[in-house]
Amino acid sequence: SQKIEQNSEALNIQEGKTATLTCNYTNYSPAYLQWYRQDPGRGPVFLLLIRENEKEKRKERLKVTFDTTLKQSLFHITASQPADSATYLCASYNQGGKLIFGQGTELSVKP
Amino acid sequence: NAGVTQTPKFRILKIGQSMTLQCAQDMNHNYMYWYRQDPGMGLKLIYYSVGAGITDKGEVPNGYNVSRSTTEDFPLRLELAAPSQTSVYFCASRGQDNQPQHFGDGTRLSIL
C-alpha cells in the first residue's frame, strides 16, 4: 500500500541550530509533497508544498527538498527558535486522490 | 474570514449514545474531509466529499456517517458510540487540484 513514513522519535535541538526532519514515501510516486505544522490542541497548518520537479523550495527559515531517487523529502528549519517547537507532518495525495499523512515528528527547540 | 469551524470542541459520550460533529467552512471549497487522530498517530481519513450531495468512504468509515447538503457544511454522525471512537476529530477543506487542506481545530471526543 502507498505509505508516508516519518521518524516517530522526537527531535530535540538547541536554539540556533538547524532542524532536519525526514519524510519517506513508498509504493507510489507523488507529484507533490506538503508539509504541515501542528501545535498541541490545534489542527494542522499548511507550511510548504514542493513539486517533484522542484528539488528544493524555500520560505523564510524553512527549506524543503524532494529527492525522487531516494523517495524522500527533507524539511529544514534554520536558526531554530523555541517557537518552532511543534509536530511537523508530511503529506501527499495518493493515486486515489486522497491526502495521506505521515505520523508526524515532534520537534523540541531548547533555549 | 473564519476558515473551517468545528463544534463542539470537547464532548464526553456514554457507550451507545449518538451525536453529530459539526463542520462548516466559508471558503467556498468543494472538497471537505473528516479525519481522526489518535495519540501519537497520523491522521486517518474517515469520509470525504467532493461537492454538495457527493460523499465517499475513506480509510476508517465504520461506525460513522456523513451528509453534504450544502457546500458549507459537512457534519459527521456517530450512531452508536464505542470506546474505540475516542479520538480527536478534524475537519478540513480545500480548493481545486492538489491544493493544501485547511483544518479546523478539532473536536476532542471521549466515550466512556
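Residues numbered from 1 in each chain as written. Chains lettered and ligands numbered in written order. Predicted model: local features only at pLDDT ≥ 70, side-chain atom pairs only at ≥ 80, totals over all residues. Heavy atoms only, no water.

> Even after reading the chapter, I still don't get the sheet that holds strand β7 (residues 62–67) of chain A, so can you show me in this structure?
For sheets, the rule is that strands pair by backbone hydrogen bonds, running either parallel or antiparallel. All names here are of chain A. Taken together, 5 strands build an open sheet; the order of strands is β1-β3-β8-β7-β6 and the sheet is antiparallel. Taken across any chain shown, the strands that pair with only one partner, and hence form the sheet edges, are β1 (3–6) and β6 (56–59). On average, adjacent strands in this sheet sit at an angle of 15 degrees to one another, irrespective of strand direction. Where β7 meets strand β8 (residues 72–77), 6 bridges bridge the pair, whose relative direction is antiparallel. Residue Phe66 lies in a different strand from β8, and its bridge partner there is Ser73. (Pairing = 2+ DSSP bridges. Helix = DSSP H or I, 4+ residues; strand = E, 2+ residues; numbered from the N terminus. Axes fitted to C-alpha atoms, helices over the stretch in contact; angles between N-to-C directions.)

> Can you help me understand the pairing of strand β6 (residues 54–57) of chain B in this one?
Within a regular strand, the side chains alternate between the two sheet faces. Where strand β5 (residues 43–51) of chain B and β6 of chain B come together, 3 bridges link them in antiparallel fashion. By the bridge assignment, Tyr47 of chain B is partnered in β6 of chain B with Lys57 of chain B.

> Would you mind going over the interface of chain A and chain B with me for this structure?
Interface size is commonly expressed as the accessible area that is lost once the parts come together. Facing the 17 residues of chain A at the interface are 20 residues of chain B. Both sides together, the interface formed by chain A and chain B hides about 1500 Å², and carbon and sulfur atoms give 54% of it. The largest per-residue losses of area from chain A upon contact with chain B belong to Tyr93, Lys98 and Phe101 of chain A, which jointly make up 32% of the total buried on that side. Inspection of the region where chain A meets chain B yields 1 salt bridge. With a shortest N-O distance of 3.0 Å, Arg42 of chain A and Asp105 of chain B are connected by a salt bridge. The tally of links between chain A and chain B comes to 8 residue pairs in polar contact (both at pLDDT 80 or more). Counting only elements with at least two residues in the side of chain A that touches chain B, the list comes to β4 (32–38), β5 (45–51), β9 (86–93) and β10 (99–101) of chain A. Ranked by the residues each element gives to the side of chain A that touches chain B, the list is headed by β4 of chain A, at 4 residues. (Contact = heavy atoms within 4.5 Å. Buried area = accessible area lost by both parts, 1.4 Å probe. Salt bridge = Lys/Arg side-chain N within 4 Å of Asp/Glu carboxyl O. Polar contact = N/O pair within 3.5 Å; in protein donor to acceptor, adjacent residues only side chain to side chain.)

> Please explain the nonpolar core as it appears in this structure.
When a protein is soluble and globular, its nonpolar side chains tend to lie buried together. The biggest cluster of nonpolar side chains holds 23 residues, and the ones touching the most others in it are Ile4, Leu33, Trp35, Phe75, Ile77, Tyr88 and Leu107 of chain A. Of all elements in the fold, only β3 (19–26), β4, β5, β7, β8, β9 and β11 (105–110) of chain A reach the threshold of two or more residues within this core. Among residues more than four places away in sequence, those in contact with Leu107 of chain A are Leu11, Ile13, Ala19, Ile77, Asp84, Ser85, Ala86 and Tyr88 of chain A. Leu21, Phe74, Ala81 and Cys91 of chain B belong to the second largest nonpolar core, which has 19 residues in total. (Core = buried A, V, L, I, M, F, W, Y, C linked by side-chain atoms within 4.5 Å. Buried < 20%, exposed > 50% of the residue type's maximum accessible area, 1.4 Å probe, protein only.)

> Help me out: how do you make sense of the pattern of salt bridges in this one?
Side-chain pairs of opposite charge can arise whenever the charged atoms involved come near each other. On inspection of all chains with the given rule, the structure shows 7 salt bridges over all chains. Asp38 of chain B is the salt-bridge partner of Arg36 of chain B, the closest N and O atoms lying 3.0 Å from each other.

> How should the packing of aromatic side chains be read in this particular structure?
Each pair of aromatic rings is reported with the distance of its centres and the angle of its planes. This structure, assessed with the given rule, holds 13 aromatic pairs over all chains. Through successive ring pairs, a cluster of aromatic residues spans Tyr36, Phe46 and Phe101 of chain A together with Tyr33, Tyr35, Tyr48 and Phe103 of chain B. In this structure, Arg68 of chain B is placed above the aromatic ring of Phe74 of chain B, and the distance from its NZ or CZ to the ring centre is 5.9 Å. Over the face of the ring belonging to Tyr31 of chain B we find Arg94 of chain B, whose NZ or CZ atom lies 3.8 Å from the ring centre. (Phe/Tyr/Trp six-rings, centres within 6.5 Å; stacked < 30°, edge-to-face > 60°. Lys NZ or Arg CZ within 6 Å of the ring centre and 35° of its normal.)

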